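Listed below, chain by chain, are the residues.
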Amino acid sequence: MKVVIYTLMLLASFSAVAQQPNRILLLDGFLHVGNGEVMERSAILIEDGKIIDVRNSLAYTVKPEEWDTIIRLEGKHIYPGFVAPNTTLGLTEIDAVRATRDFDEVGTYNPHVRTQIAFNAESKVISTVRTNGVLLGQPTPRGGRISGTSSIMRFDGWNWEDATISANDGIHINWPSSLDGGGWWAEPKPKERNKNYSSELDELYAFFDMAQAYNEIKSEERDVRLEGMKGVFEDDLRVFFHAEELQQILDIIDFVKKYKIKHPVIIGGYDAYLVTDLLRDHKIAVMLPRVHSLPENEDDPVDLPYRLPTLLKEGNVKFCLQNAGDMEAMNARNIPFLAGTARAYGLSTEEAVKAISLSSCEILGIDKDYGSVEKGKSATLFVSEGDALDIRTNQLLLALIDGQFMPLTNMQTDLYYKYTGKYKRAGKGK
Amino acid sequence: MKHLILYLSLMVSVSAAAQIVPSNGVKSSEPEWIAIKGATIVVSPEKKIDNGTLLIHNGVIEKVGSIVVLPKGTVEIDLSGKVIYPAFIELNSSIGMPELKKPQWNPRPQMESSKDSKYYWNESIHPEIDAKNLFSYDQKGVEGMYAKGFGYALTRQHDGISQGTGAFIALGHRDNENKVLDAPNAFFSFKKGVSRQTYPSSQMGAIALLRQALYDAQWYASQTDQSLNLSLDALNNQLRSTLFFHTYDKLEILRANKIANEFDLKFTYIGSGSEYTVAKELKALGSSVVIPLNFPEAYDVKDPYISRQIPLSDLRHWELAPKNPYILVENGVEICISGNENAKSEDFWKNLRIARANGLSRSEAIKALTVRPASIIGLSDKIGTLEQGKIASFMVYSEDPLEKESELLEAWLNGKRKVVKTLKEQQITGKYDLIIAGKTLEINITGDAEKPVGKIKMPYTDEESGMIKDSLVSASVSVEKNDITIQFIAVSNDWKGNVSLHGKVTERLGIFEGGGILPDGTWVKWSGIKKDKGEKEKEKQKEQEIDSTYQLWYPNMAYGFDSIPQQESYIITNATLWTNEEIGIIPNATLVIENGKIKFAGQGPYPKPAGSIVIDAKGKHVTTGIIDEHSHIAISKGVNEGGQAISAEVSIADVVNPEDINIYRQLSGGVTAAQLLHGSANPIGGRSALIKLKWGSTAEEMLIENAPKFIKFALGENVKQANWGDFNTVRFPQTRMGVEQVYIDAFTRARAYEAAWKAYKADTSSVKPARDLELDALVEILNSERFISCHSYVQSEINMLMKVAESFGFRVNTFTHILEGYKVADKMKEHGAGGSTFSDWWAYKYEVNDAIPYNANILHEQGVVVAINSDDAEMGRRLNQEAAKSVKYGGMSEEDAWKMVTLNPAKLLHLDDRMGSLKEGKDADIVIWSTNPLSIDAKVEKTFVDGILLYDQSRTRELEKRDRAEKARIITKMLSSNKRGEPSKRFVRKKRGQYHCDTLGEEYSTEENSH
């Protein structure tokens, strides 16, 4: 089977069940590698879902018989699959419908609670996120002091087992807030310095001490909750600290030192720009707050959230972007545009791309296989008509996850065609 | 005789006693005439008598002067050296009122009043409550009042919107010495108080409710055959009296004053302490303001992590609040001063002196505490000064309390004396020669008169050297009236051991004289002769320094302007103009702005107004300002009046908040105008405010002049309270079926109401219909004089509302959100409705499951006027990006996509004759972009509103620097205050949040947005 596709596969008709080509050659596209580099005319050689080589197409002789599919992409842009870290995507479908919310378990210390098995591989929301180039994610639990354990999933799969890239990659700690109060919206109370801050910290330390002791003793009696912590001390389990304020960040640094945490990550870190040297010295990575958010304080520069990526880059802190917040699941499709805004406010294009691809994968510990279009990595990438960070030109021509072509339709495009069809039949369409 | 007295007490309300109470035992008598002599008497703000005499007859001042002839039998009291002030008048008291009880909490909403039908239908309107009937004597309260110098209180329960009548009380030392004076008055506020009734739940609801109650009262008065309503009766009576309006922030004064104008009323405002920022507006109102002396304590700023979070607005308020009285007076506002917010009397006095040090003149301060409140309450003939005929309520102080720290010595209430504190009469501090049995020692007495401390210098012969040296020995000194005792252990050559002395003091001459006992037990005579004055006395004479300088910003917070920027003429050259007109997007073009309007937009020769500022916009793109059809920024105290299914009577225009930082943030995103919509909690919500984002201006100035009238409607899950929990299942409607009937019923009633008015106007002798603010708005809708912007998602309900509208003969102007509009685009087109949609939101609730980002495109293709809106303060500042999503999802042209956030919302708001495109004569609402505004790289460089440059990227960096410096300056000042050990408070962080469609109550939401 030697198919040469010269025309563009607009809204590609590959479906999950159709026969998929095995040896794929992507030719002449403008490659954004993901590591900060570009290749203006690239040849990407794919076999068995892996990138077997990346070459300059000008110096590469195409032998059509070697390929199941050759796709010419002159003038098009190729990107590694973008990543949605720290997301409830796949764990919720409709925010207001409680029955569809599967991300917040009862309990304060829930390291044993795992998102992996709650991941909805058939999520309709995911299908609309994928079509903007976001191909991987980290479904993450919410609530409590330790919310639970996240996993890293590809946005393709028959079930959660298929979809898993990295099971149980880390536990998530909601660091005690150094400011507290606020009440609830109908009966608000003033916010002030959290009087319980130090006792809440003590409790967290005590829990870690207990978990550490449990791990050292290797008792016969199993404690399901503490088993969930084992990886923190033994393996490569990451510890994600959800925190924004300066006081919290400084205390997290102490905590990381005390327990010799190998892979500490701060999620949020609005104030991280004030202590970039400390974060750099302690090798603590930061997943910045949603770029499209309002400044935290009335007096903050109006564009501070837009500029945080640049400020962290200038401070040489390892960082990536994430999108947690209001309506985060459906909004994950706008992650490319968070990077776009970060570019407008100081990052270069390739730095911005990296902030939602390779940097994310490095922080998540999956960069050996994902995050950039390089030899030996998974063929998880997509092609856009133009600049994928710009809303107007983020038009996907194809997307591969582990070498599999993804459908570029979703229930929204289905409804689009259905209703444009309605008006066409009535003679009112274009 | 008994009858006669009762009769008199009705005539003369200041009678000594309204009744004769039988006494238990022998009748005790009190002196008829009392004369106070020797004191400095502050008779009135202008008149002060040194060493004067005050003659009191039966609790009333008979005479005051330097020389007063005293009748026989006058009891004379010598208060030489003391200072007398007339008792102050508190207009905002709740002394003697029973504690307010909030009804028990219940998760089920209470829709109707729990009172019976002879009262107003809403429990927060209770004008019939008369504080006189609630008052009970409160000894502690009275002591607290006179400790602050107050002897009169206008007291009431601080509860409700129409609160009732306060009781004016000339306070007495005992229950039967209290006098209730006749001073008709009424109090109002925008706070619902303890009523549990759901309505009103917002400030705009409170405003509408008060207006409706006033109209109801007018109508009630015009009717003869109405069943008795005690509330409306009381309200009608009150409106002829002195009216007070209790406000909780400065903007409420301006809001209340709109009601005053509408009903030709005059309010005296009870203020909150931040009125200085609106001093000019207050002067224009011509009303007096009763201000508290509640100057904020310094924040504890020792921890820089905390102090960096304190907003500049709070820091500036800390610095400027003490100037509130001065700034108001300087701007010609008549003020009264209230002590009600000072729990401790020391704080009141301290703050009064701080106010003086910040520029408040002595005579203004006295006026504000005495004659002005007396005149406001209509009792100038009885209280306020110490002139003949006035009530003898006054305070005696050790020093002048307006000038220096002093002590209250006596409180005279209604002619009755109470000695609060007896000063140690003798000021004995200083150095004396102590002559005991012919030997002279030097004693230095320090400390105050209460606790003197003595040190005695005592010569002795040093044994080693043989030299005569001095040793300092402590002596215990105490004074009781004229007697002094001094005791010390002597170590001199003459005596070793205890020496105790007792004697009389003659302060005036600085002499002690008496007898004592020496260590050997011999009695001796001794005397002391003063050598110089004590240090403490010198210190007290130090003059207070007065600093009345201040600089306000507009608004008085971060990014505020030193002065309001002015309109200028601009010539913007070499620009790419997105005209939104037939000529489309044109490169190398020129835009000329003059007098706030566009003078020229195009290529080729252009006019050059004199004095124009030329901006070279080479490489830049210039557009008209973004108009947000659906915004909830800049709103005070509640975006939803969700207390009822229909709240057409309320208006967002009543509660615009010009100090919301989001105004400035939106300018930085190129937004120049917005429709501030009521939320979506009920099928018929409130009226909109159409504003220009004029940062630095007042709320009134932001409202667009002669703007078309709009109102919010809403459909779906929010109005049927689908996501409000299990207890909110009471309010009709709970289904989409019910929603339709709410509309049909409302418009049917509106038609009947209109017909009734028509009939009345044709024959004014017929029965006059009652004015109904809710139906007024609905009639406007029926007559296409008010336009609907309807929150909507699902096609069924969109279709339903169009059918209801058609059956009543009007059109739905705009469906906002309209996420399933693409399913009924043809029907909308036929009906004539426009759509204002989110670009790509979905999946946040069940009814938006079929929302698609192609919606705008399909609607546009079908000829519907489409806008893209924000409904969100964050998204509102990057609507250019949202417009770009129309290009991505469905391939709209860039020119059309840009109109989604500019011309089309202008059309939907019926403002396209003055905004929305770059056309000569239209408003100069202009944005200069760094590049194509639909590009993700686009940044706003300058935003003009009405030809005024309100946002400038480079200037905003300057403002950031200025704000940082200002913050550092004030924090340094606070630090020195912290170090002086002045009281400080912990920083309480402002809640960060914003209004969403479904936010209930008066506070901002920090919950997730569910639209």
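Caption draft 1: Seen up close, the overall build of chain B. A count of helical and extended segments in chain B gives 26 helices and 46 strands. With the C-alpha coordinates aligned to their principal axes, the bounding extent of chain B is approximately 120 × 85 × 60 Å. When the 1011 residues of chain B are sorted by exposure, 51% land in the buried category. Excluding contacts between residues fewer than 6 apart, the proportion of contacts in chain B whose partners are at least 24 apart in sequence is 67%.

Caption draft 2: Geometry of the overall build of chain A. Secondary structure assignment for chain A yields 13 helices and 19 strands. Relative to the globule expectation of 22 Å for 430 residues, the C-alpha radius of gyration of chain A, 23 Å, shows essentially globular dimensions. Overall size of chain A, expressed as C-alpha extent along the three principal axes, is 65 × 50 × 45 Å. Look at the contacts in chain A between residues 6 or more apart in sequence, and 69% of them connect residues 24 or more apart.

Caption draft 3: Quick peek at helix 17 (residues 736-762) of chain B. All names here are of chain B. The first and last C-alpha atoms of helix 17 sit 40 Å apart over 27 residues, in line with the 39 Å expected at 1.5 Å per residue. All buried positions along helix 17 are accounted for by Val739, Tyr743, Ala746, Phe747, Ala750 and Tyr753. Looking at the buried residues of helix 17, the elements they touch are strand 35 (684-687), helix 18 (773-782) and helix 19 (795-807).

Caption draft 4: Region of the structure containing the nonpolar core. All names here are of chain B. Core analysis: the largest hydrophobic core is formed by 373 residues, its most contacted members being Leu591 and Val656. Looking at which element gives the most residues to this core, the answer is helix 4 (residues 203-222), with 9 residues. Each residue touching Leu591, except ones within four places of it in the same chain, is listed here: Ile572, Ala575, Leu577, Ile598, Phe600, Ala601, Val622, Leu918 and Ile926. Counting residues in hydrophobic clusters, the runner-up holds 22 residues, among them Val477, Ile484, Trp495 and Val499.

Caption draft 5: Region of the structure containing the domain arrangement of chain B. For chain B, the domain assignment lists domain 1 (85-100 + 119-419), domain 2 (430-533), domain 3 (567-625 + 916-955) and domain 4 (626-912). The gap between the C-alpha centroids of domain 2 of chain B and domain 4 of chain B is 88 Å.

Caption draft 6: Spatial organisation of the sheet that holds strand 41 (residues 866-868) of chain B. Residues and elements named next belong to chain B. Pairing is mixed in the open sheet, where 6 strands are placed in the order 35-37-38-39-40-41. Every interior strand has two partners, whereas the edge strands, strand 35 and strand 41, have only one. Strand-to-strand twist of the sheet, defined as the mean angle between neighbouring strand axes without regard to direction, takes the value 25°. Summarising the sheet, strand 37 (residues 709-714) and strand 38 (residues 786-792) pair through 6 bridges and their orientation is parallel. The residue bridging Phe710 from the neighbouring strand is Phe787, located in strand 38.

Caption draft 7: Representation of helix 19 of chain B. Residues and elements named next belong to chain B. Taking 1.5 Å of rise per residue, the 13 residues of helix 19 would be expected to cover 18 Å, and the 18 Å separating its terminal C-alpha atoms lies within 8% of that figure. Listed as buried for helix 19 are Glu797, Ile798, Leu801, Met802 and Ala805. Down the axis of helix 19, the sector holding all buried residues measures 140°, keeping them to one side. Looking at the buried residues of helix 19, the elements they touch are helix 17, strand 38, strand 39 (814-817) and helix 20 (825-831).

Caption draft 8: Looking closely at the environment of Tyr306 of chain A. Residues and elements named next belong to chain A. Looking at the secondary structure, you find Tyr306 in helix 8 (residues 304-314). Each C-alpha atom of the pair Tyr306 and Ile401 lies 30 Å from the other, and the pair is 95 residues apart in sequence. Apart from the residues lying within four places of it in its own chain, the contact partners of Tyr306 are Val291, Thr341, Ala342 and Tyr345.

Caption draft 9: Looking closely at the domain arrangement of chain A. Residue and element names in this part refer to chain A. Per the domain assignment, the segments of chain A are domain 1 (3-80 + 392-416) and domain 2 (82-367). In this structure, domain 1 and domain 2 have C-alpha centres spaced 31 Å apart. The interface of domain 1 with domain 2 comprises 19 residues on the first partner and 19 residues on the second. At the level of elements, strand 6 (77-80), strand 18 (396-401) and helix 13 (411-425) are the ones that each hand at least two residues to the side of domain 1 that touches domain 2.

Caption draft 10: Inspection of the packing of helix 17 of chain B against helix 18 of chain B at higher detail. All names here are of chain B. Where helix 17 contacts helix 18, the axes come no closer than 9 Å and their chain directions differ by 95°. By the angle between their directions, the pair helix 17 and helix 18 is classed as roughly perpendicular. Residues Ala746, Phe747, Arg749, Ala750, Arg751, Tyr753 and Glu754 of helix 17 lie in contact with helix 18, whose contacting residues are Leu775, Leu778, Val779 and Leu782. Counted by class, the contact of helix 17 with helix 18 contains 8 nonpolar, no polar and 3 charged residues.

Caption draft 11: How the structure looks around the environment of Lys302 of chain B. Within the secondary structure, Lys302 of chain B is located in the loop between strand 15 (298-299) and helix 8 (304-307). C-alpha separation for the pair Lys302 of chain B and Asn978 of chain B, spaced 676 residues apart in sequence, amounts to 7.9 Å.

Caption draft 12: Summary view of the sheet that holds strand 12 (residues 242-246) of chain B. All names here are of chain B. An order of 8-11-12-13-14-16 is seen for the 6 strands of this open sheet, with the pairing classed as mixed. Strand pairing shows two members of the sheet lacking a second neighbour, strand 8 (162-164) and strand 16 (335-338), which therefore form its edges. Put simply, the sheet's adjacent strands are angled 25° from each other on average, direction ignored.

Caption draft 13: Structural detail: the environment of Ser380 of chain B. Residue and element names in this part refer to chain B. With respect to the helices and strands, Ser380 occurs in the loop between helix 13 (371-376) and strand 17 (394-397). Sequence separation of Ser380 and Thr370 is 10 residues, and the distance between their C-alpha atoms is 9.3 Å. Sequence-distant contacts of Ser380, that is, excluding residues within four places in its chain, are made with Val371, Ala374 and Ser375.

Caption draft 14: Looking closely at the packing of helix 17 of chain B against helix 19 of chain B. Residues and elements named next belong to chain B. Between helix 17 and helix 19, the shortest axis-to-axis distance is 10 Å and the interhelical angle comes to 20°. Between helix 17 and helix 19, the angle is such that the two are roughly parallel. Note that helix 17 runs across helix 19; the crossing there is right-handed. Contact residues: Arg736, Val739, Glu740, Tyr743 and Ile744 in helix 17; Ser796, Glu797, Met800, Leu801 and Val804 in helix 19. Taken together, the residues of the contact of helix 17 with helix 19 break down into 6 nonpolar, 1 polar and 3 charged.

So, how was this worked out
- Residues numbered from 1 in each chain as written.
- Chains lettered and ligands numbered in written order.
- Predicted model: local features only at pLDDT ≥ 70, side-chain atom pairs only at ≥ 80, totals over all residues.
- Helix = DSSP H or I, 4+ residues; strand = E, 2+ residues; numbered from the N terminus.
- Buried ≥ 20, exposed ≤ 12 C-beta atoms within 10 Å, placed from the backbone.
- Contact = placed C-beta atoms within 7 Å.
- Rg over C-alpha atoms; globule rule 2.2 N^0.38 Å.
- Expected span 1.5 Å × (residues − 1).
- Core = buried A, V, L, I, M, F, W, Y, C linked by C-beta atoms within 7 Å.
- Domains from an automatic or database assignment.
- Pairing = 2+ DSSP bridges.
- Axes fitted to C-alpha atoms, helices over the stretch in contact; angles between N-to-C directions.
- Arc of directions from axis to C-beta.
- Parallel < 35°, antiparallel > 145°, perpendicular 65-115°, else oblique.
- Nonpolar A, V, L, I, M, F, W, Y, C, P; charged D, E, K, R; others polar.
- Left-handed = near helix turned anticlockwise from the far one by under 90°.

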